[in-house]
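Chains, contacts and geometry: an overview
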Amino acid sequence: LGPASVVIFVVSYKVITLPMDLSYMANQPFIAAFGEAKARGDWAWIRNAYWKTTWISTSIGFSMVALLALVAKPLIRIWATNSAVPTTGFIVWLSIYVMIGVALMPTYQFLSGVEKVTPLVISTALCAIAVIGAGILLAGVYGLVGLAMAMAISKLVTFWPIQLYEVRRVLRKSHAVAPVI
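Cut-offs and rules
Along each chain, numbering runs from 1 in the same order as the chain's sequence is written. Selection of residues for local features in this predicted model requires a pLDDT of at least 70, selection of side-chain atom pairs for listing and counting requires 80 or more, and totals for whole chains, interfaces and linings are taken over all residues. Hydrogens and water are ignored here; the side-chain numbers use all heavy atoms of the structure. By definition, any uninterrupted DSSP run of H or I lasting at least four residues is a helix, any uninterrupted run of E lasting at least two residues is a strand, and each is numbered from the N terminus. In what follows, residue pairs with any heavy atoms lying within 4.5 Å of each other are defined as contacts. Throughout, the Shrake-Rupley method with a 1.4 Å probe supplies accessible areas, and for residues the shown protein chains are the sole cover considered. Here the positive residues are Lys and Arg and the negative ones are Asp and Glu; neither His nor the chain ends is included. The location of each charge is read from NZ of Lys, CZ of Arg, CG of Asp or CD of Glu.

1. A look at the overall build of the protein chain
The number of helices and strands found in the protein chain is seven helices and zero strands. Each helix and strand of the protein chain, ordered N terminal to C terminal, gives the series α-α-α-α-α-α-α. By principal-axis analysis of the C-alpha atoms, the protein chain measures approximately 60 × 30 × 20 Å. Excluding contacts between residues fewer than 6 apart, the proportion of contacts in the protein chain whose partners are at least 24 apart in sequence is 81%. Carbon together with sulfur atoms contributes 73% to the accessible area of the protein chain, which is approximately 9600 Å² in total. Computed over 13 positive and 5 negative side-chain charges, the separation of the two mean positions in the protein chain equals 10 Å.

As structure tokens, this is what we get:
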């Protein structure tokens with residue numbers, strides 16, 4: 001793809017992924033809170049907090065992604081000149097990648113807090129392998145758009161099923177656990 005593509009990728013990535021970074025910062029304190037609630041056996045609080053953080057993060061995050069996607073080109077043009085402005089396709093696929101990340105951020109925090117990190121490790125490793133493989137295939141055909149496609153699709157097919165399966169399993173199992181008083 002060449003050195004010019006690196007500038008386009010890095011600048012665009014920094015702009016478009018801002019909602020994912022903010023979602024991480026907003027949800028990160030829940031790791032300790034989920035761990036504390038688990039130690040107390042307060043699964044009702046855990047379930048409630050998990051669903052609320054998921055809906056709030058997704059609502060705010062998706063709105064921010066949409067706004068940034070709309071202003072990305074002019075913002076990048078002002079910030080880093082015309083040579084760093086990406087294609088619309090790249091912005092769209094990078095936005096899809098960020099939306100998936102934002103939607104799953106509370107899941108990451110939940111699983112970390114309740115000490116179920118194995119699915120996080122497995123899904124992250126599989127995602128890395130998938131991004132590399134799909135990135136090589138798709139970037140050769142579609143350029144930077146193909147790389148963003150590889151990132152989004154890989155995250156969707158690795159993180160989504162593995163992590164959400166584990167959340168469901170943990171929450172179902174928690175119904176059988178009597179609360180500790």
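2. A look at unusual backbone geometry
Phi at Thr81 takes a positive value of approximately 75°, unusual for a residue other than glycine. Inspection of the secondary structure puts Thr81 in the loop between α4 (43-80) and α5 (88-113).

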